[in-house]
Number of protein chains: 2
Amino acid sequence: MSKPYVIGMDMGGTNTVFGIVDARGHVIASDSIKTMKHAKFEDYVADLYDSVMHLLRANDAEDKIQGIGIGAPNANYYTGEIVNAANLPWGDLVPLAEEISKAFDGIPVGVTNDANAAALGEMTYGVARGMKDFIMITLGTGVGSGIVVNGQVVYGHDGNAGELGHLIVKRTNGRVCGCGRTGCLETYCSATGVARTAREFLEIRTEPSTLRNLQIEDITSKDVYDAAIAGDKLAKDIFDYTGKILGEAMADMVTFSSPQAFVLFGGLTKSGDLLMKPLKEAFEKSLMPVFKGKVKILVSELKESDAAVLGASALGWEAKYNYQNNSKPSDIPSMSEN
Amino acid sequence: MSKPYVIGMDMGGTNTVFGIVDARGHVIASDSIKTMKHAKFEDYVADLYDSVMHLLRANDAEDKIQGIGIGAPNANYYTGEIVNAANLPWGDLVPLAEEISKAFDGIPVGVTNDANAAALGEMTYGVARGMKDFIMITLGTGVGSGIVVNGQVVYGHDGNAGELGHLIVKRTNGRVCGCGRTGCLETYCSATGVARTAREFLEIRTEPSTLRNLQIEDITSKDVYDAAIAGDKLAKDIFDYTGKILGEAMADMVTFSSPQAFVLFGGLTKSGDLLMKPLKEAFEKSLMPVFKGKVKILVSELKESDAAVLGASALGWEAKYNYQNNSKPSDIPSMSEN
């Protein structure tokens, strides 16, 4: 018989937030630890174990956990590993699922990257409930994506599918991206992309703007938002520029999987119509005629603090891997066949 | 007990080719009728029925048909209809699955568009056997695509997924596309796209080329191929240009579904290294680092005459729809929920 709770964990560069979640998507209780204070992964796992067990005991839930789901940067659904995560200090390859399952005495563990976890959260508990085909776009420091096709997250052959933040939107003279290439969507349409656009516009253009009162290198997307809300024309133009690029890219994404909706999530969505209006206009205008008027653009309604934990927890229900059954986290026979 | 054969039909603007196919993918017998000579869809169906029955009787197979699979331009897997097919004379909406099932006395019918049928053919009988994640690209008069994720063709919310020929590869001053927009991949990387490039290059550039001996408006991709094989520099540049655009676009597609391979099919693939060399170079160079060296680019090995029929036939095995069970061809409850 299955147990009534799962644990959802959202592992970020700064904090790891975890919660006890029931089958209806209520976060019964949650807590967090600092991710970065542990130079060794073993110490991190030990701290996490202690803190989770403390939370479980406080809620009389020690024997009621069906599985653990974890969303983490660059975490691979198939291998259970974190590969080359720039913001984590534990080396190029971290056996996340294996070590967590060991620490928790064999409880099944499922892992995926943070954007896929967000997509699972929206499908299970959010605005994408009941949808079989949608695309989650997370607009944070970078641009992440989780793609759902026919009710399943698209992991791809090697677990790395859904890197839509790295679609090339500018083939010549594009901005340098952390991935080593130039012109990626996320260099334009993330929070940092908005700040880069601000610096570019302030250098190229000569008109007055309240943004000129700030140190140009310190300008954030929040500064641009505040200026735009106060009526600053140049700041508004920055959002128009951002929305147009994102809308055009999303229209391209539709040719791939013909989704029922996009779900947007993350800090930039708080810009509201400043971003959404130019985005929706460019999107609808750029769509292939067969898709026009058919694809919704929604904004996540999950509480930001809960969303990541809820999304990760959705993986906990289906998790089968544990360190004892000697398998990889996925049922894919082998990655080496490639 | 299931029956030993299916019928695969490849419905093109000019010919409709059909064959009796066994479970191992052998085309037992095949024949064709002219598609366009019938101004009325009823007459076309009647002719098709007579010709198929003739073939079945000649092969003692009248009672051995499990289902019928049809690949047709703009055919929708969910609704069983052909919608707005520019090259067919029967109006905006043709109830293909329903009418064929009626004519054949209730045999289950499955339909999909031609590129999806080709993907099914490769997965079932071709170079993609055993692959769960690949992308089929058909390079013909246009550019079509069929996307397979986790062993299933991606149909999307409304059955229109997989229109990768309409990814925008040029946002400004792009070529006018039949879809009503500008800059679509297929305006550059189809057979007609190659001919358009030839005309552009001949106008813009001044160097000698054997292509200048031809009427500029009549130049075909075959002429460009012949000139390139004979050593013509400008003709080779046309293939370099085509391959580079296609390779860059395919690298973008990888960020979506992280496929194990691409399978290329259609007339342009006969250009061999003229196209494939610049294509593969641009592809590998443009890939996000995490995908580099992991994605194969394969060319279909199915006999062109059989491939489309085989692909369509694969749908025949799983077809459940017939006109009597009063359902839509898919098990999706309703399209109107959108």
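Residues numbered from 1 in each chain as written. Chains lettered and ligands numbered in written order. Predicted model: local features only at pLDDT ≥ 70, side-chain atom pairs only at ≥ 80, totals over all residues. Heavy atoms only, no water.

**Q** Help me out: how do you make sense of the pairing of strand β8 (residues 134-139) of chain B in this one?
**A** Walk down a regular strand and you will see the side chains alternate between the two sheet faces. All names here are of chain B. The buried fraction of β8 is high, at 6 of 6 residues. Going residue by residue along β8, you find Phe134, Met136 and Thr138 tucked away on one face and Ile135, Ile137 and Leu139 tucked away on the opposite face as well. Bridge count between β8 and strand β9 (residues 143-149): 6 bridges; the pairing is antiparallel. Within the sheet, the bridge partner assigned to Phe134 lies in β9 and is Val148. Between the antiparallel neighbours β8 and β9 lie 3 residues. Sheet topology note: the β8/strand β11 (residues 261-265) ladder contains 5 bridges and is parallel. Bridge pairing in β11 links Ile135 to Phe262. (Buried < 20%, exposed > 50% of the residue type's maximum accessible area, 1.4 Å probe, protein only. Helix = DSSP H or I, 4+ residues; strand = E, 2+ residues; numbered from the N terminus. Pairing = 2+ DSSP bridges.)

**Q** What is the right way to read the interface of chain A and chain B from this model?
**A** Taken together, the contact pairs 44 residues of chain A with 43 residues of chain B. For the pair chain A and chain B, the summed buried surface comes to about 3,800 Å²; carbon and sulfur atoms form 52% of the total. By the criterion of area lost to chain B, the three top residues of chain A are Arg171, Phe256 and Met288 of chain A, representing 19% of everything that side buries. Joining chain A to chain B, the criterion identifies 6 salt bridges. In this structure, Asp252 of chain B and Arg171 of chain A form a salt bridge, with 3.1 Å as the shortest nitrogen-oxygen distance. Scanning the region where chain A abuts chain B turns up 20 residue pairs in polar contact (both at pLDDT 80 or more). Listed by contribution, the elements that provide at least two residues to the side of chain A that touches chain B are β9 (143-149) and α7 (233-257) of chain A. In terms of residue count, the dominant contributor to the side of chain A that touches chain B is α7 of chain A (7 residues). Its residues assigned to classes, the side of chain A that touches chain B comprises 20 nonpolar, 13 polar and 11 charged. (Contact = heavy atoms within 4.5 Å. Buried area = accessible area lost by both parts, 1.4 Å probe. Salt bridge = Lys/Arg side-chain N within 4 Å of Asp/Glu carboxyl O. Polar contact = N/O pair within 3.5 Å; in protein donor to acceptor, adjacent residues only side chain to side chain. Nonpolar A, V, L, I, M, F, W, Y, C, P; charged D, E, K, R; others polar.)

**Q** So what exactly am I meant to see when it comes to the pattern of salt bridges here?
**A** Any two side chains of opposite charge can pair, given that their charged atoms come close. Across all of its chains, the model carries 28 salt bridges over all chains by this definition. One salt bridge connects Asp226 of chain A with Lys222 of chain A, and the closest N-O pair in it is separated by 3.1 Å. One end of the pair, Asp226 of chain A, and the other, Lys222 of chain A, are both in helix α6 (residues 221-229), 4 residues apart, so they sit about a helical turn from each other. Each of Arg171 of chain A together with Lys244, Glu248 and Asp252 of chain B takes part in one network of salt bridges that share partners.

**Q** Looking at this structure, I do not really get the packing of helix α5 (residues 191-204) of chain A against α7 of chain A. What am I missing?
**A** What describes two packed helices is the angle between their axes and the distance between those same axes. Residues and elements named next belong to chain A. At a closest axis distance of 10 Å, the pairing of α5 and α7 adopts a crossing angle of 125 degrees. Comparing the axis directions of α5 and α7 gives the class oblique. The interaxial crossing formed by α5 with α7 has right-handed handedness. Only Leu234, Asp237, Ile238, Tyr241 and Thr242 of α7 make contact with α5, whose side of the interface consists of Val194, Thr197, Ala198, Phe201 and Leu202. Residue classes in the contact of α5 with α7 are distributed as 7 nonpolar, 2 polar and 1 charged. (Axes fitted to C-alpha atoms, helices over the stretch in contact; angles between N-to-C directions. Parallel < 35°, antiparallel > 145°, perpendicular 65-115°, else oblique. Left-handed = near helix turned anticlockwise from the far one by under 90°.)

**Q** What's the story with the relation of the copies chain A and chain B in this structure? I'm lost.
**A** Related by rotation about an axis and a shift along that axis, the two copies of the chain form a pair. Once chain A has been moved 0.0 Å along the axis and rotated by 180 degrees, it coincides with chain B to within an RMSD of 0.0 Å. Viewed as a symmetry operation, the transformation between the two copies matches a two-fold axis. Most of the interface of chain A is mirrored in chain B: 98% of its interface residues are interface residues there too. (Least-squares fit on C-alpha atoms with pLDDT ≥ 70 in both.)

**Q** In this structure, what is going on with empty space enclosed by the protein? I would like to understand it.
**A** A probe as big as a water molecule, rolled over the atoms, marks out the empty space that is left. Scanning all chains against the criterion turns up 1 cavity of 30 Å³ or more. Empty space within the largest cavity amounts to approximately 40 Å³. Lining the largest cavity are Val149, Gln152, Val153 and Val154 of chain A together with Val149, Asn150 and Gln152 of chain B. Across the lining of the largest cavity, the residue classes break down as 4 nonpolar, 3 polar and no charged. (1 Å grid on protein atoms, 1.4 Å probe; cavity = no way out; pocket = protein on both sides within 12 Å on 5 of 7 lines; lining within 4 Å. Points joined across faces, edges and corners; volume = space filled by probe spheres on them.)

**Q** Before we go on, may I ask you to explain the nonpolar core in this structure?
**A** Ranked by size, the top nonpolar core spans 102 residues in total, and within it Met253 of chain A together with Met253 of chain B carry the most contacts. When residues no more than four places from it in sequence are discounted, the contact partners of Met253 of chain B are Phe256 of chain A together with Ile135, Ile137, Leu164, Leu167, Leu185 and Phe262 of chain B. (Core = buried A, V, L, I, M, F, W, Y, C linked by side-chain atoms within 4.5 Å.)

**Q** Before we go on, may I ask you to explain the packing of helix α1 (residues 41-58) of chain A against helix α2 (residues 96-103) of chain A in this structure?
**A** Residue and element names in this part refer to chain A. At a minimum axis distance of 10 Å, the contact between α1 and α2 shows a crossing angle of 45 degrees. The orientation of α1 with respect to α2, classified from their angle, is oblique. For the pair α1 and α2, the crossing hand works out as right-handed. Packed against α1, whose contacting residues are Phe41, Val45, Leu48 and Tyr49, the element α2 presents Leu96, Glu99, Ile100 and Ala103 at the interface. Looking at side-chain class alone, the contact of α1 with α2 contains 7 nonpolar, no polar and 1 charged residues.

**Q** Teacher, can you tell me more about the packing of aromatic side chains here?
**A** Centre distance and the angle of the planes are the two values used to describe a pair of aromatic rings. All chains considered together, the criterion is met by 21 aromatic pairs over all chains. Taking the centre distance of 5.6 Å and the plane angle of 85 degrees together, the rings of Phe262 of chain A and Phe283 of chain A count as edge-to-face. One end of the pair, Phe262 of chain A, is in strand β11 (residues 261-265); the other, Phe283 of chain A, is in helix α8 (residues 273-286), and 21 residues separate them in sequence. Of the two residues, Phe262 of chain A and Phe283 of chain A, neither departs from the other in class, the shared state being buried. Ring centres 6.5 Å apart and planes at 55 degrees place the aromatic pair Tyr188 of chain B and Tyr241 of chain B in the tilted group. In this pair, Tyr188 of chain B is assigned in helix α4 (residues 186-189) and Tyr241 of chain B in helix α7 (residues 233-257), connecting sequence segments 53 residues apart. A relative accessible area of 2% means that Tyr188 of chain B is categorised as buried. Three or more aromatic residues link up through ring pairs in this structure, and these residues are Phe41, Tyr44 and Trp90 of chain A. (Phe/Tyr/Trp six-rings, centres within 6.5 Å; stacked < 30°, edge-to-face > 60°.)

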